[in-house]
Amino acid sequence: MKIMTGNFDPVSSHSIEEVADLYDREKDVPSKIRQAMMLASRLSCEKPDDGNRYWQELKIMVENQELQPELQGEFYQGMSNICRSYSNACKSYEEEGCRAKYLKKAMDSFDRKNRNLEQGLWVRVELAGISSEKFDDRSAWLDEAVETANLLDLSDDIFSIINIARSHLYEEKSKIYVKDLNDYLDLAEKHLIAAMDSNRESLNVYQKRDVQIKLINFYIRNNRKEKALDKTISWISNQDVSIYQGGRIQNDLNYIATQLLMNSDTDKALFHLERVMPVNGADKVELALARILMNEKRGIQVSEKKLNEIKEYVKEVENEYEWASLSSYINFKNNNEDDALDGTESSFSEQYPLSKEWYLKMGEMIARDEFSFVADKLQLYSENTL
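Criteria and thresholds
- Residues numbered from 1 in each chain as written.
- Predicted model: local features only at pLDDT ≥ 70, side-chain atom pairs only at ≥ 80, totals over all residues.
- Heavy atoms only, no water.
- Disulfide = S-S within 2.5 Å.
- Helix = DSSP H or I, 4+ residues; strand = E, 2+ residues; numbered from the N terminus.
- Buried < 20%, exposed > 50% of the residue type's maximum accessible area, 1.4 Å probe, protein only.
- Axes fitted to C-alpha atoms, helices over the stretch in contact; angles between N-to-C directions.
- Parallel < 35°, antiparallel > 145°, perpendicular 65-115°, else oblique.
- Contact = heavy atoms within 4.5 Å.
- Nonpolar A, V, L, I, M, F, W, Y, C, P; charged D, E, K, R; others polar.
- Salt bridge = Lys/Arg side-chain N within 4 Å of Asp/Glu carboxyl O.

Asks: Please set out the state of the cysteines residue by residue, giving values where relevant.
Replies: If you walk through the whole model with that rule in mind, you get one disulfide. Note on cysteine connectivity: Cys83 is disulfide-linked to Cys98, with sulfurs 1.7 Å apart. Taken together, the residues Cys83 in helix 4 (residues 69–86) and Cys98 in helix 5 (residues 98–111) connect sequence positions 15 residues apart. Judged by relative accessible area, which is 8%, Cys98 ranks as buried.

So this is what it looks like as structure tokens:
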């Protein structure tokens, strides 16, 4: 999602001390606001009392200075991001609802004299994703976003994102208004499918795949696993899945089919697993472990030859990104990590139940004694990145 935050960079290469010194000497108000944002966000874990001081000064500057509405809106949006990104993990500077509070202020600023209708649209979409807000308000914000998109003749991609947001809204309603559960789930499904169909021509391959994965997980969350499998196999049969290769193997439809089939039809699961093409050394390690997992379900134990193959693959893991990819499995197993994803308030486990099961399975594989050479390398990577 497009987020403008007045050039706010919470992970600046400058040290906290350097930013604090710049802040004390800064005369330009917008620059001083950006520095206060940076300090408030970065200090929320390390020195929350100091961070709160910058937060309070930040609020005064953004609210009281005679800023241009568009710039003020960007700063309010940046403040909402601090609420979202830091309040749960570290120190919350404000009461619950902080994120929505500043998004609404951003919306008012962008709407003032129609200074930035498009950015006001994005704020409405983000507000609609906050589950603590009233359903009627969230639905109205999405209606307004559609009106703006039509008015500005924006690309079809935006309508896809709005449809995804509406799908989330109806799925939430299904859990509250249980009597109408199936009706709301049907509406949620309809909007996810529309997210793919509304911009069939302009949707790039990665955007399409992202929506497909959302739809698969939607089916699994709502006890419609057979539909998830049928859709996945249909997509594999009716399109050139090689166009998906070259990215993360976790998003390869054949890999997803493997996970969907692993507990019901191991032979078919292996059929799809063999069609997943590794991109790097970490992929080779992961796919080798996945094959062992599938074979063990068929009663075939891991051989010394296979263990030696994986040891060779470990030598091909070249960079931090690859090690991080493998580490995510063992971290999830150890901590049952539930970090929020994609700006939603739902956890990883809730939004991506298929991935959750696979993360746990792969984490358990890496933790086994016979694969200790993988875990040892991951531990070494972890120590070197601290």
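Asks: Requested: an account of the packing of helix 14 (residues 281–297) against helix 18 (residues 353–367), with residues and values cited.
Replies: At a minimum axis distance of 10 Å, the contact between helix 14 and helix 18 shows a crossing angle of 95 degrees. The orientation of helix 14 relative to helix 18 falls into the category roughly perpendicular. Where helix 14 abuts helix 18, its residues Glu286, Leu289, Ala290, Ile292, Leu293, Met294 and Lys297 lie against Trp358, Lys361, Met362, Met365 and Ile366. Looking at side-chain class alone, the contact of helix 14 with helix 18 contains nine nonpolar, no polar and three charged residues.

Asks: Provide a residue-level description of the pattern of salt bridges, including the pertinent values.
Replies: Under the defined criterion, the tally for this structure stands at 20 salt bridges. With its nearest N and O atoms 2.7 Å apart, the salt bridge here joins Glu144 to Arg124. With a gap of 20 residues between them, Glu144 in helix 7 (residues 135–151) and Arg124 in helix 6 (residues 117–128) connect regions that are remote in the sequence. Residue classification places Arg124 among the buried residues on the basis of a relative accessible area of 11%. Salt bridges linked by common partners bring Asp186, Glu189, Arg224 and Lys227 together as one network.

By themselves, these observations are geometric and do not establish any function.
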